[in-house]
Protein chains: 2
Amino acid sequence: MQSTTRVALDAMGGDNAPAEVVKGAVDAVNKRDDIKIFLVGQKESVERELSQYTYPDGQIEIVDAPEVIEMAEPPVVAIRRKKQSSIVVGMNMVKNKEADAFVSAGSSGAVLVGGQVIVGRIKGIQRPPLAPLIPTERGVSLLIDCGANVDARAEHLVQFAKMGSIYMEHVVGVKNPKVALVNIGAEEEKGNALVKETMPLLRECTDINFVGSIEARDIPKGDADVIVCEAFTGNVILKLYEGLSSTLIGVIKKGLMSTLKSKIGAALALPALKNTLKSFDATEYGGAPLLGLNGLVVKTHGSSKAKEITNSVFQCVTFKEKEINDKIKEYIINKPAD
Amino acid sequence: MQSTTRVALDAMGGDNAPAEVVKGAVDAVNKRDDIKIFLVGQKESVERELSQYTYPDGQIEIVDAPEVIEMAEPPVVAIRRKKQSSIVVGMNMVKNKEADAFVSAGSSGAVLVGGQVIVGRIKGIQRPPLAPLIPTERGVSLLIDCGANVDARAEHLVQFAKMGSIYMEHVVGVKNPKVALVNIGAEEEKGNALVKETMPLLRECTDINFVGSIEARDIPKGDADVIVCEAFTGNVILKLYEGLSSTLIGVIKKGLMSTLKSKIGAALALPALKNTLKSFDATEYGGAPLLGLNGLVVKTHGSSKAKEITNSVFQCVTFKEKEINDKIKEYIINKPAD
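Cut-off values and rules
Residues numbered from 1 in each chain as written. Chains lettered and ligands numbered in written order. Predicted model: local features only at pLDDT ≥ 70, side-chain atom pairs only at ≥ 80, totals over all residues. Heavy atoms only, no water. Helix = DSSP H or I, 4+ residues; strand = E, 2+ residues; numbered from the N terminus. Rg over C-alpha atoms; globule rule 2.2 N^0.38 Å. Buried < 20%, exposed > 50% of the residue type's maximum accessible area, 1.4 Å probe, protein only. Contact = heavy atoms within 4.5 Å. Areas by Shrake-Rupley, 256 points an atom, 1.4 Å probe, with all protein chains shown as cover. Least-squares fit on C-alpha atoms with pLDDT ≥ 70 in both. pLDDT = per-residue confidence, 0-100. Core = buried A, V, L, I, M, F, W, Y, C linked by side-chain atoms within 4.5 Å. Phe/Tyr/Trp six-rings, centres within 6.5 Å; stacked < 30°, edge-to-face > 60°. Lys NZ or Arg CZ within 6 Å of the ring centre and 35° of its normal. Pairing = 2+ DSSP bridges. Right-handed = clockwise from strand over helix to strand, strands pointing away. Axes fitted to C-alpha atoms, helices over the stretch in contact; angles between N-to-C directions. Parallel < 35°, antiparallel > 145°, perpendicular 65-115°, else oblique. Left-handed = near helix turned anticlockwise from the far one by under 90°. Nonpolar A, V, L, I, M, F, W, Y, C, P; charged D, E, K, R; others polar. Salt bridge = Lys/Arg side-chain N within 4 Å of Asp/Glu carboxyl O. Expected span 1.5 Å × (residues − 1). Bend = angle between axes of the 7 residues up to and from the residue. Buried area = accessible area lost by both parts, 1.4 Å probe. Polar contact = N/O pair within 3.5 Å; in protein donor to acceptor, adjacent residues only side chain to side chain.

## Section: the overall build of chain A
Regarding its fold elements, chain A presents 11 helices and 11 strands. Taking 338 residues into account, the globule formula puts the C-alpha radius of gyration at 20 Å, and chain A, at 21 Å, falls close to it. Each principal axis of the C-alpha distribution contributes one length, and for chain A these read about 65 × 60 × 45 Å. Scored against the burial criterion, the 338 residues of chain A give a buried share of 59%. Considering only contacts within chain A whose residues lie at least 6 apart along the sequence, 71% involve residues at least 24 apart. Counting only carbon and sulfur atoms, one obtains 50% of the accessible surface of chain A, whose full area is about 14000 Å².

Right under this line is the structure:
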């Protein structure tokens, strides 16, 4: 007998809400029958979108949330005041065990704050990290933490390493994932104070495959599966990844369009090129999980289209099926005392 | 009457030494007669290279330095022990005013340590930052600091901002350069402890064009001319820039070569594409200056070819002509006491 994964989906979050979110939900339930989706948002506008589609009866339900948290609102204030917003309503469903997971393309800040304040941390987890997947030459790597935990301590990074390792192994399917700490050189004596304090602690962890330092230049090569760093560094890596990829692809497009000869060449090469670039797209794997919570919270890109929403829903199913949170709890119980 | 800029060039540093260094030196003196180059290195091997070329008599001189500092050597030990290495001999020439600048493609660590220990800091400069130029959609930006000053304090970052601004304005030629602090969001309340402490200090600087936070995603767009950050973050940005560019170009090449049709297209498009990608190459501007020293020290890429060496020599000329160090000293004297 199969169990059903219940996903609360923020129908109002992101640049393309509610249209792409609703389409993503419909695509998900049309592909799998072990999913129940709650579309959380302004009832009328969600209903209007949903009425365009056919889908298996009972697999999608609308949950009214008349308020919307805007991207620019201060997260803490928004979470406290807008009790009827899609983010607060959806997260409360996870808290009350009415849903297994909450997925949102909305305000990162509100999702991070809501995850901690409403859904709450697993006992023993000090800081829940946000862990997006980034594309590499070999597939994807998990970048942990890119969240709001700036000025993290060494012991937090050790927990990130362990949770990231569990996620990569069981959700993404990488056997014995290589875990590395972001550093500014491969030599043992390099690094800032945090890295120097964290390095020996990670070396002591016998339950992860820790391979030492990774320089930022080797991240795109896929030299490690789990890239551990504190949130400021992680955010810089993630944002630069996005910005530089977009700039470089722009520069290349400009080059391809600069002469008549190159335009003809571009027309011939484009289909193959698009295909290869698609492999360099981490959204295939879903959104960024906020790990270490009593339930799953997934943050997808603000610009998410239906495909990323659908993949994020599937990611929630794998997360539940593989009992990731039980594995995290087990680690917390068994780890040696600090 | 024109003055001559005297550049000590590390003939043994980098992957392509001495061949490309010597070629770069010859190209430089064949283009300008206001340069004197000292090729510092193992005399016989430098002589052998140099004998292939013709160049104006008296503009190149060999200075013997029988020892070589290897890339893997611990920098502090190497600088202390290998007194006859090209790096130590060349830096001593700057210290003793026998040369205006020292250029090396050798060990970054040894260049950074040597710069501080041998050449020495301008009085009042607390930490000399390493400031490479990175390519952007609009040209280049100065990334300051990428050196060895990890765990910098807010007051150091203020000095970086000022020195970077002077360099961009007078050496690169950007009028009233926009200075920004790397942050993880545009909002005032975002950032780690260092950023929160530095931000108000930079806002108070009336002698630079400070524009506030810059997110890593906006760096490649060229949204600021001087990108201020502490060295760990700067190193991550620089290395990721290199690694991701190389990975993306590799992925695109693979795409272009994946089908017969795309191969034909690639052949047609390649010349134009190469031309555009060349604009995305910061080595046109020379190497990374180590600022705030009693003289100029420039670190070029380990993989430097002759062109980058030549450009770095020209950079030294501009640095001297524009009296950058006098401008830095003037700033130190006039700035309000801490």
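Once you've had a look at it, read on.
## Side note on the relation of the copies chain B and chain A
Rotating chain B by 180 degrees and translating it 0.0 Å along the rotation axis places it on chain A, where the RMSD comes to 0.0 Å. Look at the turn and shift together and you get a two-fold axis relating the two. Among all C-alpha atoms of chain B, that of Gly265 of chain B lies closest to the rotation axis, at 1.8 Å. Interface overlap between copies: 100% of the residues of chain B at the interface are likewise at the interface in chain A, consistent with a symmetric, same-surface contact.

## Comments concerning the confidence of the model for chain A
Of the residues in chain A, 98% reach a pLDDT of 70 or more, and the chain-wide mean stands at 92. Complex prediction metrics read pTM 0.93 and ipTM 0.92.

## So, the nonpolar core
By size, the foremost hydrophobic cluster in this structure holds 171 residues, and its most contacted members are Ile37 and Leu39 of chain A together with Ile37 and Leu39 of chain B. Beyond its immediate stretch of four places on either side in the chain, Leu39 of chain B contacts Leu9, Ala11, Val21, Val22, Ala25, Val46, Leu50, Ile60, Glu61, Ile62 and Val63 of chain B.

## Side note on the packing of aromatic side chains
Remark: the centre distance and the inter-plane angle together describe each pair of aromatic rings, the angle taken between the planes. Residue and element names in this part refer to chain A. A full pass over the atoms with the stated rule returns two aromatic pairs over all chains. Centre to centre, the rings of Tyr167 and Phe319 are 6.2 Å apart; their planes meet at 45 degrees, and the pair counts as tilted. Of the two residues, Tyr167 sits in helix H6 (residues 154–172) while Phe319 sits in helix H10 (residues 306–321), which places them 152 residues apart along the sequence. Sitting above the plane of the Phe314 ring, Arg32 keeps its charged end 5.8 Å from the centroid.

## Focus: the pairing of strand E2 (residues 35–41) of chain B
Residue and element names in this part refer to chain B. Of all seven residues in E2, seven are buried; the element is thus mostly enclosed. Of the two faces of E2, the one carrying Ile35, Ile37, Leu39 and Gly41 and the one carrying Lys36, Phe38 and Val40 are both buried. Note that strand E1 (residues 5–10) and E2 share six bridges and pair parallel. Residue pairing in the sheet places Thr5 in a bridge with Ile35 of E2. Handedness of the E1-helix H1 (residues 19–31)-E2 crossover: right-handed. With five bridges joining them, E2 and strand E3 (residues 60–64) adopt parallel strand pairing.

## Describing the packing of helix H9 (residues 260–278) of chain A against helix H9 (residues 260–278) of chain B
Across the interface, H9 of chain A lies against H9 of chain B with an axial gap of 7 Å and an inter-helix angle of 140 degrees. On the basis of their axis angle, the class for H9 of chain A and H9 of chain B is oblique. Crossing hand, H9 of chain A versus H9 of chain B: left-handed. Along its contact with H9 of chain A, which presents Lys261, Ser262, Ile264, Gly265, Ala266, Leu268, Ala269, Pro271 and Ala272 of chain A, the element H9 of chain B presents Lys261, Ser262, Ile264, Gly265, Ala266, Leu268, Ala269, Pro271 and Ala272 of chain B. Residue classes in the contact of H9 of chain A with H9 of chain B are distributed as 12 nonpolar, four polar and two charged.

## Quick notes on the pattern of salt bridges
In total, this model carries 28 salt bridges over all chains according to the counting rule given. Connected through shared salt-bridge partners, Arg6, Asp100 and Lys320 of chain A make up one network.

## Here's the deal with the environment of Glu98 of chain B
Residue and element names in this part refer to chain B. Tracing the backbone shows Glu98 in the loop between helix H4 (86–95) and strand E4 (101–104). With a relative accessible area of 40%, Glu98 lands in the partly exposed category. In the structure, Glu98 is positioned 233 residues away from Tyr331 in sequence and 26 Å away in space, judged by C-alpha atoms. When sequence neighbours within four positions are dropped, the list of residues in contact with Glu98 reads Arg6, Phe38 and Met93.

## Details of the sheet that holds strand E8 (residues 209–215) of chain B
Residues and elements named next belong to chain B. The mixed open sheet is built from five strands, whose spatial order is E5-E6-E9-E7-E8. At either margin of the open sheet sits one strand with a lone partner, and together these are strand E5 (133–136) and E8. Strand-to-strand, the axes of this sheet are offset by a mean angle of 30 degrees, without reference to chain direction. Sheet topology places strand E6 (residues 139–144) next to strand E9 (residues 226–228); three bridges connect them, and they run parallel. When the bridges of E9 are listed, Ile144 appears paired with Val228. The sheet contacts of helix H6 (residues 154–172) involve E5, E6, strand E7 (178–183) and E9, and relative to E6 the element is tilted by about 150 degrees. Its contacts with the sheet put helix H8 (residues 231–256) on E5, E6 and E7, and the angle it makes with E5 is roughly 50 degrees.

## Quick look at the sheet that holds E1 of chain B
All names here are of chain B. Pairing is mixed in the open sheet, where six strands are placed in the order E3-E2-E1-E4-E11-E10. With one partner strand each, in any of the chains shown, E3 and strand E10 (288–290) form the two edges of the open sheet. Pairs of neighbouring strands in the sheet enclose a mean axial angle of 25 degrees, with direction left out of account. Of the pairings in the sheet, the one linking E1 to E4 comprises three bridges and is parallel in character. Directly across from Leu9, in E4, lies its bridge partner Val103. Relative to E2, H1 is tilted by about 170 degrees, and along the sheet it contacts E1, E2 and E3.

## A word on H9 of chain A
The first and last C-alpha atoms of H9 of chain A sit 26 Å apart over 19 residues, in line with the 27 Å expected at 1.5 Å per residue. Considering bend angle alone, the principal kink of H9 of chain A is centred on Ala269 of chain A and spans about 50 degrees; proline Pro271 of chain A follows within four residues of it. When we look at burial in H9 of chain A, the residues that qualify are Ser262, Gly265, Ala266, Ala269, Ala272, Leu273 and Thr276 of chain A. Where H9 of chain A is buried, its residues meet helix H8 (231–256) of chain A together with H8 and H9 of chain B.

## Section: the interface of chain B and chain A
Each partner contributes residues to the interface: chain B has 49 residues there, and chain A has 49 residues. Of the roughly 4800 Å² buried between chain B and chain A on both sides combined, carbon and sulfur atoms contribute 77%. For the chain B face of the interface with chain A, the top three residues by lost area are Ile184, Phe232 and Leu240 of chain B, together amounting to 14%. A salt bridge links Glu215 of chain A to Lys239 of chain B, with the nearest nitrogen and oxygen atoms 2.5 Å apart. Here chain B is connected to chain A by eight residue pairs in polar contact (both at pLDDT 80 or more). For the side of chain B that touches chain A, the elements supplying multiple residues, two or more each, are E7, helix H7 (193–204), H8 and H9 of chain B. Here the side of chain B that touches chain A takes 19 residues from H8 of chain B, the largest share from any one element.

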